[in-house]
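A closer look at the structure
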Amino acid sequence: MTLAVAAVYYAGAQLGLLQELVRGQVTPLWPPTGIALACLLLLGPRSWPGITLGALAVNAPIGPAPLAVLAIVAGNTLAPLCAYLLLRRAGFRTELNRLRDALALVFLGALAGMLISSTLGTAVLVLADALPASAFWPTWSVWWTGDAMGVLVVTPLLLAARRARLPHGVSPYRWLEASALLLGTAGVMLVATRSAGSLLFLVFPFLIWAALRFQLPGAAPCSLIVTVLASQATAEGVGPFAGHSLLTQMVTLQAFNGSTTLTALLLAAIIAERDHTRRQIEQVCVQLAETVVRLTPDEPEPGR
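The text that follows walks through the structure, step by step, so that each part is easy to find. (Residues numbered from 1 in each chain as written. Predicted model: local features only at pLDDT ≥ 70, side-chain atom pairs only at ≥ 80, totals over all residues. Heavy atoms only, no water.)

**As for helix α9 (residues 204-236)**
The first and last C-alpha atoms of α9 sit only 23 Å apart over 33 residues, clearly below the 48 Å expected at 1.5 Å per residue. Along α9, the helix axis deviates most sharply at Phe 214, where the bend reaches about 145 degrees; the proline Pro 217 sits within four residues downstream. (Helix = DSSP H or I, 4+ residues; strand = E, 2+ residues; numbered from the N terminus. Expected span 1.5 Å × (residues − 1). Bend = angle between axes of the 7 residues up to and from the residue.)

**A few points about the packing of α9 against helix α10 (residues 246-295)**
Working note: a packed helix pair is described by the angle between its axes plus the distance between those axes. The interhelical angle for the contact between α9 and α10, taken along N-to-C directions, is 165 degrees, at an axis separation of 9 Å. As judged from the angle between their axes, α9 and α10 are roughly antiparallel. Remark: the crossing between α9 and α10 carries left-handed chirality. Of the residues belonging to the contact of α9 with α10, the class tally is 18 nonpolar, 11 polar and 1 charged. (Axes fitted to C-alpha atoms, helices over the stretch in contact; angles between N-to-C directions. Parallel < 35°, antiparallel > 145°, perpendicular 65-115°, else oblique. Left-handed = near helix turned anticlockwise from the far one by under 90°. Nonpolar A, V, L, I, M, F, W, Y, C, P; charged D, E, K, R; others polar.)

**What to know about the nonpolar core**
Tyr 9, Leu 37, Leu 41, Leu 87, Phe 92 and Leu 105 are the most contacted members of the largest nonpolar core, which has 50 residues in total. Beyond its immediate chain neighbours, meaning those up to four positions away, Tyr 9 contacts Trp 30, Pro 32, Ile 35, Ala 36, Ile 51, Gly 54, Ala 55, Val 58 and Asn 76. The next biggest cluster of nonpolar side chains, apart from the first, holds 24 residues, and it includes Leu 181, Val 226, Leu 229 and Ala 230. (Core = buried A, V, L, I, M, F, W, Y, C linked by side-chain atoms within 4.5 Å. Buried < 20%, exposed > 50% of the residue type's maximum accessible area, 1.4 Å probe, protein only. Contact = heavy atoms within 4.5 Å.)

**Here's the deal with a nonpolar patch on the surface**
On the surface, a cluster of nonpolar side chains totalling about 220 Å² of accessible area is made up of Met 1, Leu 42 and Leu 43. Mapped onto the fold, Met 1 is located in the segment before α1 (2-16). Of the residues examined, Met 1 reaches a relative accessible area of 40% and is grouped as partly exposed. (Patch = residues over 30% accessible without salt bridge, like charges linked within 9 Å, V, L, I, M, F, W, Y side chains within 5 Å. Areas by Shrake-Rupley, 256 points an atom, 1.4 Å probe, with all protein chains shown as cover. Salt bridge = Lys/Arg side-chain N within 4 Å of Asp/Glu carboxyl O.)

**Quick word on the side chain of Thr 77**
With respect to the helices, strands and loops of the structure, Thr 77 is situated in helix α4 (residues 66-89). Those residues in contact with Thr 77 that lie beyond four places of it in its chain are Trp 48, Ile 51 and Thr 52.

**Observations regarding the side chain of Thr 33**
With respect to the secondary-structure elements, Thr 33 resides in helix α2 (residues 31-43). Judged by its relative accessible area of 5%, Thr 33 is buried. Discounting chain neighbours no more than four positions away, the residues touching Thr 33 are Met 114, Gly 146, Asp 147, Gly 150 and Val 151.

**Section: the layout of surface pockets**
The computed volume of the largest pocket comes to approximately 940 Å³. Mapped by element, the contributors of at least two residues to the lining of the largest pocket are α7 (136-163), α8 (172-193), α9 and α10. In the lining of the largest pocket, the residues fall into 20 nonpolar, 3 polar and 7 charged. Considering the residues around the second largest pocket, the lining is formed by Gly 12, Leu 15, Gly 16, Leu 18, Gln 19, Leu 29, Pro 31, Ile 35, Val 154, Leu 157, Leu 224 and Val 228. Elements represented by at least two residues in the lining of the second largest pocket include exactly α1, α2, α7 and α9. Element by element, the count of residues in the lining of the second largest pocket is highest for α1, at 3 residues. Residue composition of the lining of the second largest pocket, by class: 9 nonpolar, 3 polar and no charged. (1 Å grid on protein atoms, 1.4 Å probe; cavity = no way out; pocket = protein on both sides within 12 Å on 5 of 7 lines; lining within 4 Å. Points joined across faces, edges and corners; volume = space filled by probe spheres on them.)

Remember that the coordinates give geometry; whether it matters functionally is a separate question.
Next comes the structure, spelled out in structure tokens:
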């Protein structure tokens, strides 16, 4: 299990490093944090050695010094562990079918938990003279954005994939709708991120469509597509992210990715919670009807 977690962490890191912005190791989307938190939620705290081993394999070749690498690895391990403990404390359920679960993942798992890795990692780079002190906040913003978005995008996708089953008897129109949703989301994002105008808002109808019609299994892949393409545009400095400082780019990217992910996850959780409540009400009504039928006598008693 440790080797498997380390291998998946390392593979996710290699994908994240394709969009590096600072020193070849700080990116606006860092999938390993989402992978690490998902492993902790699904496998328990015993999976932390795999996270540490994977983080060491990733940072050893690109770190500034051995002690700095160990500190960065410690931050990469502690951040998802603390996020896991915060979520467990809040009663988080991996089904993500309640509004409180989506809110906990956003604010406790992503925004709060990832402060550890970004702060510790950036401070280590500055202390090791790998970065000037003036670059602390821009680098911190990239690091925190990347780790937080890794949790918001990758963790829900892995949690949804764990519960996915091959559907049977699904209408071809349903498959066609899902394909149109994914292709439409990607197409709109490609146009919006390569256009000089501010067209990013056009993706929100697709996220709402995904959440309403497919809940988390639809919202999670669409959020991943949106975040990856927006982060890629930021790394390339094109479209609405062009011509700004690194800190401004990160603030804009975090605001956009956070808004899209919140829209998709929260709406999907609300729809799932509504459907669950409706099924519970239907079950109670059926049980009441069966009880009434069972208690009703076949023939009325004399005088009644």
